[in-house]
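Listed here are the chains, written in short residue letters.
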Amino acid sequence: MDDFIAALPTFWTAIGQTLYMVFIALIVAGILGLALGVALFVTRAGSLLPNRAVNIVLNVIVNIVRPIPFIIFVAAITPLTLAVVHTYIGASAAAFAISLSAAFAVSRIVEQNLVSVDPGVIEAARAMGAHPFRIIVTVLIPEGLGPLVLGYSFIFVGLVDMSAQAGVIGGGGLGDFAITYGVQRYNWPIVYITVAVIIVLVQLGQFAGNALARRALRR
Amino acid sequence: MSEPGSAGAAPTAPLVRVENVSKTFRVAGGTVVAVDDVSLDVRKGEILGIIGYSGAGKSTLVRLMNALELPTSGRVFVGDEELTALPEKRLRTVRREIGMIFQQFNLLRSRTVAANVAYPLRLAGVRQPERDARVARLLDFVGLLEKAHSHPEQLSGGQKQRVGIARALATNPPLLLADEATSALDPETTADVLALLKRVNQELGVTIVVITHEMEAIRAIADRVAVMHAGRVVEHGDVYEVFSAPRTDAAAGFVRTVLRDRPSPQTLERLRRVHSGRLVTVQVRDAHGFTAAVTRAFAARGVENEVVFGGISELQNRSVGALTYELTGPDAAIDDALADLAAQGIQAFDEGGAPDNGELS
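First, a word on what this report is: a plain description of the structure on this page. Numbering of residues begins from 1 in every chain and follows the order in which that chain's sequence is written. Labels follow written order: the first chain is A, the first ligand is 1, and so on. Reporting of local features is limited, given that this is a predicted model, to residues whose pLDDT is at least 70; pairs of side-chain atoms are given and counted only at 80 or more, and all residues count toward the totals for whole chains, interfaces and linings. For side-chain calculations, the full set of non-hydrogen atoms in the structure is used, while hydrogens and water are omitted.

### Side note on helix α12 (residues 331-343) of chain B
Residues and elements named next belong to chain B. Going by this rule: Strands here mean DSSP runs of E at least two residues long; helices mean DSSP runs of H or I at least four residues long; both are numbered from the N terminus. Given the number of residues in a helix, its expected span is that number minus one, multiplied by 1.5 Å. Only protein chains enter the calculation, and the probe is 1.4 Å; a residue is then buried if its accessible area is under 20% of its type maximum, exposed if over 50%, and partly exposed in between. The arc in question is formed by the directions pointing from the helix axis toward the C-beta atoms.
For α12, spanning 13 residues, the distance from its first C-alpha to its last is 18 Å, which sits close to the expected 18 Å at 1.5 Å a residue. Three or more residues of α12 are buried, namely Ala333, Ile334, Ala337, Leu338 and Leu341. Considered in projection along α12, the buried side chains sweep an arc of 140 degrees and stay on one side of the axis. In this structure, α12 carries Ala332, Ala342 and Ala343 as exposed residues pointing more than 90 degrees from its buried face.

What follows is the structure, encoded as structure tokens:
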């Protein structure tokens, strides 16, 4: 316990780093994933902007990237990270890698939620003379919003998980803290405390997501 | 779609003209012909009913009228525009001038009733406060002003369809397409919504195309009717003309759902068990003293007659139906009486007497 108290300043920093990485990723992956997921959905046959070629290319890209283990993904995109963030170590570099990786996961969740939007409502908007882009923004996304918010809170858990592996590129965070101060020094109380904090974070994220989804669904 | 001084715009000038239109869908393992060489006019100011069983192609046909579907061949005109010759961008403008309502209402769940009605106005670029005023007027017209701030899931089916109608009328379209608009509603609500559509037609002068598989909807509001079967329009014309003397099985089938027609084989069998005389079904025509004339024809030949089955209904304020008589008397006299009826232009079908004698006259 004394070790933990001694490490307390690092612990607070670790919480800050985790929150930083997770929230950057939630926003960036949220936006990128939404765009990619909408593109996957609207280019399907019979959808708003059917385009077989684009749909196949997008699907192949998503299917290639998604199964890559995050820890390998981080290493693989180092050149890209360097080009965008101008460094390949630290919390910002980790946030970039998490964002990119999560965007592909988010895109599938978005696509699945949009499939459940009533096609009749989209047809009604078409019958009213709405442009496909307008239908996407004013009909498709708002109608799918409730389940989308739930999908995002599901992803939040995955982001916390990914952030725990960010230690390998010096991203810091709670995962890194638990390994450096807990696992490697056989200090199990530190591991348990850190895990407890991660659980609380996840719970809060899920709770907030549920509350937002309830509002969107008015239930 | 106003057409000032367009060549000879007669009162019955067509608002929609469908010319030799076919629509084929590609499906797994082949193609399906949904609409097969259909030509049809929708006259300005009328309510045209298109009736058919599910799969007859009527929903596809109505979607060709606002270019939600484009035909495989043939041409579609709405007002002065040939939809089949317009680019998608212009079609969007045309669609704003054509209202549409749906079986499942298709309201935006993420928006309030008022915002649903306002949606087409936003698309058309109508600004506040004009937009609010129009929304209020429309909701008042359909009797749902007090529900303006409710969400669709708080409404009953009939109320949802009223909102759908208000939304479809928001841009003052001259044409309204109703795709099975009452098929998800109970009979009482159906009658309310049909009455509202009739008001839309009469008070606002909106031309309406009603797609349905329910004869009741046609009977309640349509002026003319087209009967669809297997992608084709098999009969069309004035509602009374088509349904008082159906020429196809499809039309006759719909007639039987609301009007008494010739008895079914099962009914005939039951009738024969209790009535030993010859059974003859007479098609009711709309003429004063019709039944008296029939009775007179039988009496003149000394044939006793009694109505044992059938009924008379009204269609567009005219009588229609069928009456089955039990006739007792010499066979020759009955034959003479039937010949007399035929001479007067009254259609009679001999249902026979004995169970083994059921051929048509």
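Having seen it, we continue.
### Remarks on the sheet that holds strand β12 (residues 304-315) of chain B
Paired through their backbone hydrogen bonds, the strands of a sheet run either parallel or antiparallel. Residues and elements named next belong to chain B. Counted only if it meets this: Pairing between strands is defined by DSSP: at least two bridges between them are needed. In this description, a line fitted to the C-alpha atoms serves as the axis of each element, helices being fitted only across the stretch in contact, and the angle between N-to-C directions of two axes falls anywhere from 0 to 180 degrees. What makes two residues a contact is simply this: any of their non-hydrogen atoms within 4.5 Å.
What the four strands build is an open sheet, ordered β12-β13-β11-β14; its pairing is antiparallel. Both outer strands of the open sheet, β12 and β14 (348-352), are each paired with one neighbouring strand and no more. Looking at each pair of strands side by side, their axes are set apart by 15 degrees on average, direction ignored. Taken together, the seven bridges between strand β11 (residues 278-284) and strand β13 (residues 318-328) define a ladder with antiparallel strand orientation. Bridging across to β13, Leu279 finds its partner in Glu326. Seen against the sheet, helix α11 (residues 290-300) touches β11, β12 and β13 and runs at an angle of roughly 20 degrees to β13.

### Considering the interface of chain B and chain A
Applicable threshold: The quantity reported as buried area is the accessible area (1.4 Å probe) lost by two parts once they are put together, taken as the sum for both. We count a salt bridge whenever a side-chain nitrogen from Lys or Arg sits within 4 Å of a carboxyl oxygen from Asp or Glu. Any pair of nitrogen or oxygen atoms within 3.5 Å is treated as a polar contact; in protein, a donor-acceptor pairing is required on top of that, and neighbouring residues in sequence qualify only through side-chain atoms on both sides. Lys, Arg, Asp and Glu make up the charged group, whereas Ala, Val, Leu, Ile, Met, Phe, Trp, Tyr, Cys and Pro make up the nonpolar group; the residues left over, Gly among them, are polar.
Counting from both sides, the interface comprises 23 residues of chain B and, opposite them, 19 residues of chain A. Around 1,900 Å² of area is buried between chain B and chain A when both sides are counted, 48% of it from carbon and sulfur atoms. For the pair chain B and chain A, the number of links is two salt bridges. Counting across the interface, chain B meets chain A through eight residue pairs in polar contact (both at pLDDT 80 or more). Looking at the side of chain B that touches chain A, the elements that each hand over two or more residues are α2 (88-96), β6 (98-102) and α3 (113-123) of chain B. Residue classes in the side of chain B that touches chain A are distributed as ten nonpolar, four polar and nine charged.

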